[in-house]
Amino acid sequence: MDRILPQPTPETRHFWEGCKEGELRLQRCAACAKSYFPPRPFCPGCGSREVEVYPASGRASLYSYVINHRPRPDMGAEPHSIAVVTLEEGPRMMTNITGCPQTPEALQLDMPLEVTFLKASDEISLPLFQPAKG
Amino acid sequence: MASGIKDKVAVIGMGCSKFGERWDAGPDELMVEAYLEAMADAGIEPTQLDAAWFSTHVDEFGTGKGGTPLSIALRLPNIAVTRVENFCASGSEAFRGAVYAVAAGAADIALAVGVEKLKDTGYGGLPVANAGTLSPQVAPNGSAPGNFAQLASAYRSKHGVSREDLKRAIAHVSVKSHANGAKNRKAHLQKPVTEEQVLNAPMIAEPLGLFDCCGVSDGAAAAIVTTPEIARSLGKHDLVMVKALQLSVSNGYESQFNAWDGSYFHTARIAAKKAYREAGVEDPRRQISMMEVHDCFSITELVTMEDLFISAEGQGWRDVLDGFYDADGGVPCQIDGGLKCFGHPIGASGLRMLYEMYLQLQGRAGERQLADPVLGMTHNLGGSPASNVCSVAIVGREGA
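Predicted model, so just to flag it, every value in this text is computed and none were measured. (Residues numbered from 1 in each chain as written. Chains lettered and ligands numbered in written order. Predicted model: local features only at pLDDT ≥ 70, side-chain atom pairs only at ≥ 80, totals over all residues. Heavy atoms only, no water.)

Asks: Where do I start with the overall build of chain B in this structure?
Replies: The number of helices and strands found in chain B is 14 helices and 11 strands. Against the globule reference of 21 Å for 400 residues, chain B gives a C-alpha radius of gyration of 20 Å, in line with a compact fold. Counting all 400 residues of chain B, 62% fall into the buried class. Excluding contacts between residues fewer than 6 apart, the proportion of contacts in chain B whose partners are at least 24 apart in sequence is 77%. As displayed, chain B offers around 14100 Å² of accessible surface, 51% of which is attributable to carbon and sulfur atoms. Looking at charge distribution, chain B has the averaged site of its 35 positive side-chain charges lying 2 Å from that of its 46 negative ones. (Helix = DSSP H or I, 4+ residues; strand = E, 2+ residues; numbered from the N terminus. Rg over C-alpha atoms; globule rule 2.2 N^0.38 Å. Buried < 20%, exposed > 50% of the residue type's maximum accessible area, 1.4 Å probe, protein only. Contact = heavy atoms within 4.5 Å. Areas by Shrake-Rupley, 256 points an atom, 1.4 Å probe, with all protein chains shown as cover. Lys, Arg positive; Asp, Glu negative; His and termini not counted. Charge placed at Lys NZ, Arg CZ, Asp CG, Glu CD.)

Asks: Honestly, the domain arrangement of chain B in this entry has me stumped. Any pointers?
Replies: Think of interface size as the accessible area that goes away when the parts come together; that is how it is often given. Residues and elements named next belong to chain B. Segmenting chain B into domains produces domain 1 (10–117 + 218–233) and domain 2 (144–212 + 240–397). Centre-to-centre separation of domain 1 and domain 2, based on C-alpha positions: 24 Å. Around 2900 Å² of area is buried between domain 1 and domain 2 when both sides are counted, 70% of it from carbon and sulfur atoms. For the domain 1 face of the interface with domain 2, the top three residues by lost area are Met14, Phe19 and Cys88, together amounting to 23%. Scanning the region where domain 1 abuts domain 2 turns up 2 salt bridges. (Domains from an automatic or database assignment. Buried area = accessible area lost by both parts, 1.4 Å probe. Salt bridge = Lys/Arg side-chain N within 4 Å of Asp/Glu carboxyl O.)

Asks: Which parts of the structure should I look at to understand helix H6 (residues 163–181) of chain B?
Replies: Structural remark: α-helix, 3.6 residues per turn; residues separated by three or four positions point the same way. With 19 residues, H6 of chain B should cover 27 Å at 1.5 Å per step; its first-to-last C-alpha distance of 27 Å lies within 8% of that length. The buried fraction of H6 of chain B is high, at 14 of 19 residues. (Expected span 1.5 Å × (residues − 1).)

Asks: Quick question: what am I supposed to make of the side chain of Glu278 of chain B here?
Replies: All names here are of chain B. One can find Glu278 in helix H9 (residues 266–279). It turns out Glu278 is buried and unbridged, and the closest side chain with the opposite charge, Lys8, is 7.3 Å from it. At 3.0 Å, the side chain of Glu278 forms a polar contact with the side chain of Gln246. Non-local contacts of Glu278, meaning those with residues more than four positions away in its chain, are made with Gly4, Ile5, Lys6, Lys243, Ala244, Leu245 and Gln246. (Polar contact = N/O pair within 3.5 Å; in protein donor to acceptor, adjacent residues only side chain to side chain.)

Asks: Explain the sheet that holds strand E8 (residues 240–249) of chain B to me, please; I cannot follow it from the model alone.
Replies: Within a sheet, each strand pairs with its neighbour through backbone hydrogen bonds, oriented either parallel or antiparallel. Residue and element names in this part refer to chain B. Strand order across the open sheet formed by 9 strands is E3-E2-E4-E7-E1-E8-E11-E10-E9, with mixed pairing between neighbours. A single partner strand is all that each edge strand has here, and the edge strands are strand E3 (80–84) and strand E9 (290–292). The sheet shows a mean angle of 25 degrees between the axes of neighbouring strands, direction not considered. Strand direction decides the pairing type here: strand E10 (residues 375–384) and strand E11 (residues 387–397), joined by 10 bridges, are antiparallel. Within the sheet, the bridge partner assigned to Ser384 lies in E11 and is Ser387. With respect to the sheet, H9 is in contact with E8, E10 and E11, its orientation differing from that of E8 by roughly 150 degrees. Running at roughly 120 degrees to strand E1 (residues 10–16), helix H14 (residues 346–361) makes contact with E1, strand E2 (51–55), strand E4 (109–117), strand E7 (218–226), E8, E9, E10 and E11 of the sheet. (Pairing = 2+ DSSP bridges. Axes fitted to C-alpha atoms, helices over the stretch in contact; angles between N-to-C directions.)

Asks: Looking at this model, I keep getting lost on the packing of aromatic side chains. Mind explaining?
Replies: For any pair of aromatic rings, geometry is given as the distance between the ring centres together with the angle between the planes. The final tally for this structure, using the stated rule, is 7 aromatic pairs over all chains. Ring centres of Phe15 of chain A and Trp16 of chain A lie 5.0 Å apart, and the angle between their planes is 85 degrees; on these two criteria the pair is classed as edge-to-face. Here Phe15 of chain A falls in the buried class, since its relative accessible area comes to 2%. For Trp16 of chain A, a relative accessible area of 2% translates into the label buried. Taken together through their ring pairs, the aromatic side chains of Phe15, Trp16 and Phe37 of chain A make up a single cluster. Lying over the aromatic face of Tyr54 of chain A, Arg28 of chain A brings its terminal NZ or CZ to 3.8 Å of the ring centre. When the ring centre of Phe324 of chain B is taken as origin, the NZ or CZ atom of Arg285 of chain B, which lies over that ring, is 4.0 Å away. (Phe/Tyr/Trp six-rings, centres within 6.5 Å; stacked < 30°, edge-to-face > 60°. Lys NZ or Arg CZ within 6 Å of the ring centre and 35° of its normal.)

Structure, rendered in structure tokens:
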């Protein structure tokens, strides 16, 4: 079964185009200065439509995770992490941690992470995170 | 503040099909099975029904997204039929619609029917959405067990509970539900399990093993409601009354600006507080006689004991291990087996929970019967911990 992938909409296209280009993009409210995720055309805090898209640093820390031993049918057969990471800019994001063993020993809370992109199709690259290098 | 629903509406008939892998029946037959039981129980004719609410979530059948699949299956007398859907809490929505119609005086007698035929999808869990809406746009990484397993990580971290202690507590949640389900001939799963079996079962999403996850089922359930005056004119006595109906829906608080720690259900706490106020319940741990909660996963049930203010925060796992929620405990929970064993046909589940409360309050629950219950609570959740709808209902005896 092929991996179930998002289909970008006008509200989320900037995010997925960024991923395709290897850039994690967030939005920020001009009125209250808060960064937010998931994408939407108005600020979830104050409702302002004065929002901008900007490139995030791609740096994050591991907030929480579980190891999913029996993956969704489209996600292969091996146990994998489902993680919540805190982006350097503030918002949290659900993702998978890659580039390290999928074990509690390798997945330490608060460990520094960096974004990496899994090219899943010509249109969609999924933002995953790996242990920060250096 | 609104005057609330307390004691304005009585339940005079309920029915529930056998849940499970119902290869022998289509959705129409499941609805008929639940409906005929409810009508015989109420002792009324179809012409006495003024309006109906119909809940189904995942699958479309018959003529699709409308009232006709119910009306045609039951050959209702051309009355109003409203189809409702609110994730796994859809069945509670059908009940809410019917109860509000009676309370408003728009209907003398109203019907609620929920149904789901999930096993035909050929897939063990729930179908995964793949386009258009927010969740598949921004969270293509998870799974239902994975999302709910995160409650366990957060709960352990917040309350300093060891993996072994929490694993034993959630195992006991399932052992208890299987023991109860073994006494229910309508349940999908009717075999008891041991703690050892649960602890050693294959891992699904750490720390949730196979027996920490409810399955999905085929089934239907139905309720008939009216005013207490009409109920008495029909010769009914010892009425089962609606005491509270509340619904709280996530607004993004849990998933934005990091205000929520992931260890509990924000909506459940709000719905529970409102329900207790509506029903006049001041001390739920003592006043609530029994509960059916949304145990899609064992950890969901455990944290829900705290979100409903039955257990103190951080102490729910101890109450579970102490047997407080067992059939012979302080507040028996999932006395019919719960989603875990009775089964989870999505559109029917909220009504199935009420069915058990109704039977118990009338002393008709057979070998599962509890001693003298007065107030029963149902908690029906739809969605994921970070984004959900949470319905809390309380039913009870007249005068309670």
